[in-house]
Amino acid sequence: MRGATHARWAACAMAVALATTACGGGGDTTGAGGAVLSSSWTDPQNPLEPANTNEVQGGKVLNMIFRGLKQYDPRTGEAEDVLAERIETTNSRNYTITVKDGWTFSNGEKVTARSFVDAWNYGASLKNNQKNAYFFGYIAGYDQVHPEQGEQRAATMSGLKVVDERTFTVALSQKFSSFPDTLGYNAFVPLPRAFFDDHAAWLSKPVGNGPYTVQSYTKGSEMQLARWGGYPGEDAARNDGVTLKVYTDNNTAYTDLMAGNLDLVDDVPAQQLKNVRGDLGDRYLNTPAGIIQTLSFPHYDKEWTKAGSVKVRQGLSRAIDRDQITRTIFQGTRTPATDWTSPVLGAEGGYKAGLCGQWCEYDAAAAKKLIAEGGGLPGGQVKITYNADTGSHKLWVDAVCNSINNALDNDRACVGNPIGTFADFRSKSTTQKLSGPFRAGWQMDYPLPQNFLQPLYYTNASSNDGKWSNEEFDKLIDRANAETDVAKAVQTFQQAEEVVRDNMASIPLWYQNGSAGWSDRLSNVALNPFSVPVYNEIKVG
Amino acid sequence: MGGYVVRRLVQMVPVFIGATLLIFLMVNVMGDPVAGLCGDRQCDPATAAQLRKEFGLDKPVWQQYLTYMANLFTGDFGTAFNGQEVTELMSTAFPVTIRLTVVAIVFQVVIGISLGVVTGLRRGRPVDTGVLLLTLVVISVPTFVTGLLLQLLLGVEWGWIRPSVSPDAPFGELIVPGLVLASVSLAYVTRLTRTSIAENRTSDYVRTAVAKGLPRRRVVTRHLLRNSLIPVVTFIGADIGFLMGGAIVTERIFNIHGVGYQLYQGILRQNTQTVVGFVTVLVLVFLLCNLVVDLLYAVLDPRIRYA
């Protein structure tokens, strides 16, 4: 009954909304007007440059206005050729890339080999402050344009060479067989000359080569994207455009959806999860995304590296009732983790359900025994550190502590340790100032097992905040990266993952799901493995 | 009078410097802003160092503060982390919040003072008791409850208003948010006016005015109200600054992209330049409001002018 009344209201209000968009949506090049959908958005944290965007909201836009050499299939997560005609290699180290003919940017400029080489060199260059510069780290000569210390020593990377208009070569500094599969990431898209010639103008109205073009961009409030009629790709938009509206609070976005002022919400607020089925019925989606939450440990602290620490970590893992926490705290929007990757990879792509085995299964008695055998908790108590400003981490940290305390029959075994801001939390965890477990989230950059393991657990890797180091693991990763056979590479990555498991380098908690809710004007809504709606597939009306 | 204004303006300088310095220190204590900039991963050290250099975060705090203040005098408020000039953010945020504040103040003045006069003149009657009870309810219910409730009822259930305000934020869409923002202060204005009116009603000058045979309307508006408004004006004046800075809750509920939104965003992302810039302007607004209030006293009560 509740759903029915809401639907009626939504329908009425929709009529009003339609009328207003028709009046207000002037300057629509496609002329169709009606089939434009509105979607919730948050102000991107960084300027909208491909190699400088490292969060979902900016990535959303890049995904609409750009197409790169490869793209990840929204359903399978597999990297498929888009602009790449051929990517050839004989030794997993030197690649020859041929760009397809007939592609242009929406301003008419041709997409050539140079569009890629210039964009990648820009992204890697230290003086441009690009936050995703490390993506180009495998390319030979990266250490010259982006040295760890001191001044930049070269303007461009020696590993990139334009052969002719449609061909360029890439030399890597080490063997990396999955390199072509990483090229679907936003940082690797081509850039038009306009980007370099008039940077400020480009930033205020980005020009790309994707299915949509930016019509207007009012920073901090709204971006209007229209379908690009001249798009040569196969995945042209099936609607006339998308208006991204900035919301300060996803609750307001949800309210607007209920009132019929908004078509699509891609992050259903936690407070509404109880009603969402009743409110939206089957216009609600909740599927795993490439995000895993873990508890990391300060492996730089002697308390956590002494003999028996592995058993303590395993005991803690067994003391966490993942099933109950994901059900009660997250209303089923998280899935208990049984390995260190994500289900979006698929079995062939490297996900192995149950790899963690008994160590991720709740067993209070076993947990108690393991921790006792391991010499007890360091200092008699663990403090789980998290940031209290966003993401309602307090809820689940308290639940995890509760679970541990119950399992160990000790009220003081585990407590939460909130830190005021995300930045402060990050600066403490990246500078090794924490003495106990801390929350860690990992959102994949591309759907490869390598991305879930190497940045997090390889010795001195960029996101190895706990400073875990294991020779065997490093060797296995190197071997997997050099492996040309995909199946064998996946197998080797899983062996490396087993090393992580046997040492309990971090405790996997749960896989995070992406969620979306939409109005009855829309159909064919899906989320890609990065939990971003596949906008070009959405049908309106 | 002129000397008085100049003296007051000069007094504002140390307050201004002290307030901005405090904010500057507080934001800096919160930790390294660059650490949170790269999301759930570490910024690579070279880029982080470069960013710190660009935003001047590699220098000692006192030097950062001096540079900041020096730039301020040339109208340069610095650049936010998303590459936008802080002045650009201000130029979009302040007009919206000012409009919202105007709506709230109008509500306070019109509804608050009228209700106050009505109840003040009818003390102890049912109207008085009713309004008193109502104001008590308004004061005790937190703003976000009122806001969310109105949004749900008027926006979703009855469909009278849009639950969120559009980016342009015209006056029409700000009526309900303005009322929500004004609600608590409105209740105080009512109560203040009521007490003040009730007190002055029995004073000598009112009795004289009545004895002179002036019409009741003139007695109330020219004699009674004018004197009774002094505490009310003080309150409203101080409230302007408070409303502008305290609009965070209301702006968040109704998705208004004003000062509160920018401040919230700035604090969350630890964007020193945005937070310090906006707070600096808010401090100025506060100081100016206080000055205007003091000057208004003189207008309302000639005795202060000649003292």
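Residues numbered from 1 in each chain as written. Chains lettered and ligands numbered in written order. Predicted model: local features only at pLDDT ≥ 70, side-chain atom pairs only at ≥ 80, totals over all residues. Heavy atoms only, no water.

What follows covers the overall build of chain B. If you tally the helices and strands in chain B, you get 13 helices and zero strands. When the elements of chain B are put in sequence order from the N terminus, they spell out α-α-α-α-α-α-α-α-α-α-α-α-α. Carbon and sulfur atoms form 69% of the exposed surface of chain B, whose accessible area is close to 14,700 Å². Distance between charge centroids for chain B: 17 Å, based on 25 positive and 18 negative side chains. (Helix = DSSP H or I, 4+ residues; strand = E, 2+ residues; numbered from the N terminus. Areas by Shrake-Rupley, 256 points an atom, 1.4 Å probe, with all protein chains shown as cover. Lys, Arg positive; Asp, Glu negative; His and termini not counted. Charge placed at Lys NZ, Arg CZ, Asp CG, Glu CD.)

All names here are of chain A. A full pass over the atoms with the stated rule returns two disulfides over all chains. What pairs with C356 in a disulfide is C360, and their sulfur atoms sit 1.9 Å apart. The sign of the 80° torsion about the S-S bond sets the C356-C360 disulfide as right-handed. Assigned by exposure class, C356 and C360 land together as buried. When the cysteines engaged in disulfides are numbered in sequence order, chain A pairs them as 1-2, 3-4. (Disulfide = S-S within 2.5 Å. Buried < 20%, exposed > 50% of the residue type's maximum accessible area, 1.4 Å probe, protein only.)

Time to look at the interface of chain B and chain A. With 43 residues of chain B at the contact, the number on the chain A side is 50 residues. Of the roughly 4,200 Å² buried between chain B and chain A, counting both surfaces, carbon and sulfur atoms make up 49%. Applying the counting criterion to the chain B and chain A interface returns one salt bridge. Of all the elements in the fold, those that place two or more residues in the side of chain B that touches chain A are helix 2 (45–54), helix 6 (143–157), helix 10 (248–253) and helix 11 (259–268) of chain B. Broken down by element, the residue count for the side of chain B that touches chain A peaks at five residues, all from helix 2 of chain B. Residue composition of the side of chain B that touches chain A, grouped by class: 16 nonpolar, 17 polar and ten charged. (Contact = heavy atoms within 4.5 Å. Buried area = accessible area lost by both parts, 1.4 Å probe. Salt bridge = Lys/Arg side-chain N within 4 Å of Asp/Glu carboxyl O. Nonpolar A, V, L, I, M, F, W, Y, C, P; charged D, E, K, R; others polar.)

Right, let's talk about the pattern of salt bridges for a bit. Summed over the entire model, instances satisfying the criterion amount to 25 salt bridges over all chains. Measuring nitrogen to oxygen at the nearest pair gives 3.6 Å for the salt bridge that ties R252(B) to D249(A). Within this pair, whereas R252(B) is found in helix 10, its partner D249(A) is found in the loop between strand 10 (241–246) and helix 8 (250–259), the two belonging to separate chains. Classification of R252(B) as partly exposed rests on a relative accessible area of 24%. The buried category is assigned to D249(A), whose relative accessible area is 13%. Salt bridges here are not isolated pairs; linked through shared partners, they connect E85(A), R86(A), E88(A) and R166(A).

Bringing the packing of aromatic side chains into the picture now. Residues and elements named next belong to chain A. Tallied over the entire structure, the rule returns 34 aromatic pairs over all chains. Linked through ring pairs, F116, W120, Y134, F135, F136, F168, Y185, F188 and Y446 together constitute an aromatic cluster. Looking at R313, its charged tip hangs above the ring of F297, at a distance of 5.8 Å from the centre. (Phe/Tyr/Trp six-rings, centres within 6.5 Å; stacked < 30°, edge-to-face > 60°. Lys NZ or Arg CZ within 6 Å of the ring centre and 35° of its normal.)

The next thing to look at is the nonpolar core. Judged by nonpolar contacts, the single largest core of 107 residues is most densely connected at L69(A), W120(A), F136(A), F168(A), V170(A), F473(A) and Y535(A). With seven residues, helix 3 (residues 113–124) of chain A is the largest single contributor of residues to this core. Once you skip the residues sitting within four places of it in the chain, V170(A) turns out to touch R93(A), N94(A), Y95(A), I97(A), W120(A), I139(A), G159(A), L160(A) and F179(A). Of all hydrophobic cores here, the second largest spans 37 residues; its members include V103(B), I197(B), V206(B) and I253(B). (Core = buried A, V, L, I, M, F, W, Y, C linked by side-chain atoms within 4.5 Å.)

Let us look at a positive patch on the surface. Residues and elements named next belong to chain B. Together, R122, R123, R125, R201 and R216 make up a region of like positive charge exposed at the surface. Among the structural elements, R216 can be located in helix 9 (residues 216–245). Judged by its relative accessible area of 61%, R216 is exposed. (Patch = residues over 30% accessible without salt bridge, like charges linked within 9 Å, V, L, I, M, F, W, Y side chains within 5 Å.)

Here we take up the sheet that holds strand 7 (residues 167–171) of chain A. Residue and element names in this part refer to chain A. Across the sheet, four strands lie side by side as 4-5-7-6; this open sheet has antiparallel pairing. Of all strands in the sheet, those bounded by a partner on one side alone are strand 4 (84–89) and strand 6 (160–164). Within this sheet the neighbouring strands show an average axis-to-axis angle of 20°, counted without direction. Pairing of strand 4 with strand 5 (residues 94–99), which is carried by five bridges, proceeds in the antiparallel orientation. Its bridge partner lying in strand 5, T89 is registered against Y95. Across the sheet, helix 3 lies against strand 5, strand 6 and strand 7, angled at about 170° from strand 6, the strand it touches most. (Pairing = 2+ DSSP bridges. Axes fitted to C-alpha atoms, helices over the stretch in contact; angles between N-to-C directions.)

All names here are of chain A. Helix length check: helix 3 (twelve residues) gives 17 Å between terminal C-alpha atoms against 16 Å at 1.5 Å per residue, within 8%. Judged by how many residues are buried, helix 3 sits mostly within the fold: eleven of twelve residues are covered. For helix 3, the set of buried residues is A113, S115, F116, V117, D118, A119, W120, N121, Y122, G123 and A124. Where helix 3 is buried, its residues touch strand 5, helix 4 (142–145), strand 6, strand 7, helix 6 (193–197) and helix 7 (199–204). (Expected span 1.5 Å × (residues − 1).)

None of this, on its own, says anything about what the molecule does.
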